[in-house]
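Residues per chain are reported as follows:
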Amino acid sequence: NINMADPNGILVPHSPIAVDRWKPSPQTRLYFLTHMHTDHTVGLSSTWRGGKIYCSRVTKALLKQKFDLPDDLIVQMEMNIPIKIPLCRDGSISMTATAVDANHCPGSVMFLFQGYFGTVLCTGDFRYHSDLHDGLGAYEIDTLYLDNTYLYPHCVFPTKEESMNIIIGKIKQKNPSRVYVALDNLGKEGILFRIAHEFQCKIGVSPQRQKVMELCDLPRMDIFTTEKSSTWISVCSKFETKKYENENGVMVILPTALLVLQKVKNHSDNVCVVPYSDHSSYDELVSFVKLLKPVRVNYIVKQISGGENVLTNAIGTMPTKDVSLVPIPEKVKQWMDEAKNLVPRTFTLKAKKRKVPDSDESAERSDLCVTSNVQKRAEQGATEDMVEAKQLLVDIQNYS
């Protein structure tokens, strides 16, 4: 009932559906994009003509800005509103698709598909939150494509709100003359809003990040300024931390849950690593799967050896149900076969080089569960990191 990840994205079997997959596929007609982090857009370019792309309103704005795609190639989906999509020429067979807030980064969504193939939920990258996701328990999920980035028992870290409390507490405790928050170009904006509110100051950002946030239609854009010298708190990239970490009176906030997997080294006392994550923790993933009771689970991220047993050990036996693949209706099959004529025209053009803001917060994922060092630590139980995680829970109590 549990299958390992396909690194190229998702192809829903016996259907015309692809999610975060931009490589040639002979029978794919419907393409869905969960969010704009670059590990989910590999293969997508300004020359894309493979088919319409379904995504959220914010992702559509970022997609057009980065790849300059024509408006009629992108279908905007509103949160929690099912849309009906015809699966054949005469429209007599259709499916429904629903976008659900993934609580990962601006514009990120899960996709719930319902049709002749059953009920399928693709989480994309997500952070479980009961208010957003418990309603999904009302559906009988046949297949769940799960963001298993932190599906390891030692991956215990605070909620987003608890992590922000830690950040505020650390700044007050250290009382620096200048603070840098190390972020990528898309995601974790909630930290900046919380800091600005707590300290009643503006946050310095690059013009590049300012543009990305404007496209995300975030509230209170007036708290940001591109004149970094006019404020004592600014955003820097993760690659700039070395530049600032040894300066007197400077504090660098590095919000990443990498700490629970891999011991962070080579940072000075001026760098404060806080386990803020836009991915679900182990306990949250177990709760989510228990809520949904899917018949089949497919992992999105490559799991280390033995990882396929983690869920089974945590929740026991999966529901029993015959989920044998239903034959593709003949009209749908004919419509899917027409896609074969689109593939050569789609992928033979050479993409133009454009200088655009990179909405890449995917470095967090690439640093997480896939390095051999991390895998080794995970297999050994990551005892040291569990001790650190317990200390972080103490910090939560101190600063909540």
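Residue numbering note: each chain is counted from 1, following its sequence as written. Where totals are concerned, whole chains, interfaces and linings use all residues; where local detail is concerned, this predicted model gives features only for residues with pLDDT of at least 70, and gives and counts side-chain atom pairs only at 80 or more. As a convention, hydrogens and water are excluded, and side-chain values are obtained from all of the structure's heavy atoms.

(A) Summary view of the pattern of salt bridges. Should a side-chain nitrogen of Lys or Arg be within 4 Å of a carboxyl oxygen of Asp or Glu, the pair is scored as a salt bridge. Counted according to the given criterion, the structure contains 17 salt bridges. Residue Lys 60 pairs with Asp 71 through a salt bridge whose shortest N-O separation is 3.3 Å. A residue pair is termed long-range when its members are at least 10 positions apart, and Lys 60 in helix 1 (residues 57-67) and Asp 71 in the loop between helix 1 and strand 6 (74-77) qualify at 11 residues. For each residue, the accessible area found with a 1.4 Å probe, counting protein chains only, is set against the maximum for its type, and the residue is called buried under 20%, exposed over 50%, and partly exposed in between. Lys 60 gets classed as buried once you look at its relative accessible area, which sits at 12%. Between Lys 64 and Asp 71 there is a salt bridge; the shortest N-O distance is 3.0 Å. A single salt-bridge network, built from bridges that share partners, covers Glu 161, Lys 172, Arg 194 and Glu 198. For the purposes of this entry, the term helix denotes a DSSP run of H or I that reaches at least four residues, the term strand denotes a run of E that reaches at least two, and both are numbered from the N terminus.

(B) Structural detail: unusual backbone geometry. Positive phi is not limited to glycine here, since Asp 68 has a value of about 55°. Here Asp 68 is to be found in the loop between helix 1 and strand 6. Relative accessible area serves as the criterion here: at 52%, Asp 68 is assigned to the exposed category. Even without being a glycine, Lys 188 presents a positive backbone phi close to 70°. Within the fold, Lys 188 resides in the loop between strand 12 (178-182) and helix 4 (189-199). For Lys 188, a relative accessible area of 4% corresponds to the buried category.

(C) Region of the structure containing the packing of helix 3 (residues 160-174) against helix 4. For the pair helix 3 and helix 4, the least separation of the axes is 10 Å and the interaxial angle reads 45°. Between helix 3 and helix 4, the angle is such that the two are oblique. Note that helix 3 runs across helix 4; the crossing there is right-handed. Side by side, helix 3 and helix 4 meet where Glu 161, Met 164, Asn 165, Ile 167, Ile 168, Ile 171 and Lys 172 of the first sit next to Gly 190, Ile 191, Arg 194, Ile 195, Glu 198 and Phe 199 of the second. By the convention adopted, Pro, Cys, Tyr, Trp, Phe, Met, Ile, Leu, Val and Ala count as nonpolar, Lys, Arg, Asp and Glu as charged, and the other residues, Gly among them, as polar. When grouped by side-chain class, the residues that make up the contact of helix 3 with helix 4 number seven nonpolar, two polar and four charged. Axes here mean lines fitted to C-alpha atoms, for a helix over just the part in contact, with angles spanning 0 to 180 degrees between N-to-C directions. Oblique is the label for any angle not under 35 degrees, not over 145, and not in the 65 to 115 range, which are roughly parallel, roughly antiparallel and roughly perpendicular in turn. The crossing is said to be left-handed when, going from far helix to near helix, the turn is anticlockwise and less than a right angle, and right-handed when the turn is clockwise. Contacts are assigned to residue pairs that have any heavy atoms within 4.5 Å of one another.

(D) A look at the environment of Ala 196. Among the structural elements, Ala 196 can be located in helix 4. According to the relative accessible area criterion, Ala 196 is buried, its value standing at 7%. Once the C-alpha coordinates of Ala 196 and Ile 233 are considered, the two residues, 37 residues apart in sequence, prove to be 8.6 Å apart. Residues contacting Ala 196, with those up to four places away along its chain left out, are Cys 201, Ile 203 and Ile 223.

(E) Representation of the sheet that holds strand 16 (residues 250-255). The criterion for strand pairing is that DSSP finds at least two bridges linking the strands in question. Read from one edge of the open sheet, six strands run 14-13-15-12-16-17, paired in parallel fashion. In this open sheet, the two strands that pair with only one neighbour each are strand 14 (224-225) and strand 17 (271-274). One ladder, built from four bridges, connects strand 16 with strand 17; its direction is parallel. What sits directly across from Pro 255, in strand 17, is Val 274.

(F) Highlighting the packing of aromatic side chains. Ring pairs shown here join Phe, Tyr and Trp side chains whose ring centres sit within 6.5 Å, with only the six-membered ring taken for Trp; geometry is labelled stacked below 30 degrees between planes, edge-to-face above 60, and tilted in between. Tallying each qualifying case throughout the model produces 14 aromatic pairs. Note on Phe 32 and Tyr 54: the rings are 4.8 Å apart at their centroids and 25° apart in plane angle, and the pair reads as stacked. In this pair, Phe 32 sits in strand 4 (residues 30-32) while Tyr 54 sits in strand 5 (residues 53-56), placing the two residues 22 residues apart along the sequence. An identical accessibility class is assigned to Phe 32 and Tyr 54; each is buried. Summarising the aromatic geometry, the rings of Phe 32 and Phe 111 are spaced 5.1 Å apart at their centres and angled 65° between planes, so their arrangement reads as edge-to-face. With Phe 32 in strand 4 and Phe 111 in strand 9 (residues 109-115), the pair connects residues that are 79 residues apart, well separated along the chain. For the residue pair Phe 32 and Phe 111, the accessibility class agrees, reading buried in each case.

(G) Structural view of the environment of Lys 333. Residue placement: Lys 333 occurs in helix 9 (residues 330-337). The class for Lys 333 is partly exposed, based on a relative accessible area of 34%.

(H) Region of the structure containing the nonpolar core. We define the nonpolar core as a collection of buried residues of types Ala, Val, Leu, Ile, Met, Phe, Trp, Tyr and Cys that are connected through side-chain atoms lying within 4.5 Å of one another. Residues Leu 63, Val 181, Ile 195, Ile 203 and Phe 224 are the most contacted members of the largest nonpolar core, which totals 48 residues. Excluding anything up to four places from it in sequence, Leu 63 contacts Leu 33, Met 36, Leu 44, Ile 53, Cys 55, Asp 68, Leu 69 and Ile 74.

(I) Representation of the sheet that holds strand 6 within the structure. Strand order in the open sheet formed by five strands is 2-3-4-5-6, and the pairing between neighbours is mixed. Edge strands, defined here as strands with exactly one partner in the open sheet, are strand 2 (10-11) and strand 6. Bridge analysis of strand 5 against strand 6 gives four bridges, and the strand direction is parallel. Paired with Tyr 54 across the two strands is Val 75, which belongs to strand 6. The strands touched by helix 1 are strand 5 and strand 6; relative to strand 5, the strand with the most contacts, the crossing angle is about 120°.

(J) Representation of the pairing of strand 10 (residues 118-122). Within strand 10, five of the five residues are buried, leaving the element largely enclosed by the surrounding structure. Side-chain alternation along strand 10 places Gly 118, Val 120 and Cys 122 on one buried face and Thr 119 and Leu 121 on a second face that is also buried. Pairing between strand 9 and strand 10: five bridges, direction antiparallel. Following the sheet pairing, Leu 112 is matched in strand 10 by Leu 121. From the end of strand 9 to the start of strand 10, which pair antiparallel, there are two residues. The pairing of strand 10 with strand 11 (residues 143-146) spans three bridges and is classified as parallel. Note on strand 11: the bridge partner recorded for Val 120 is Thr 143.

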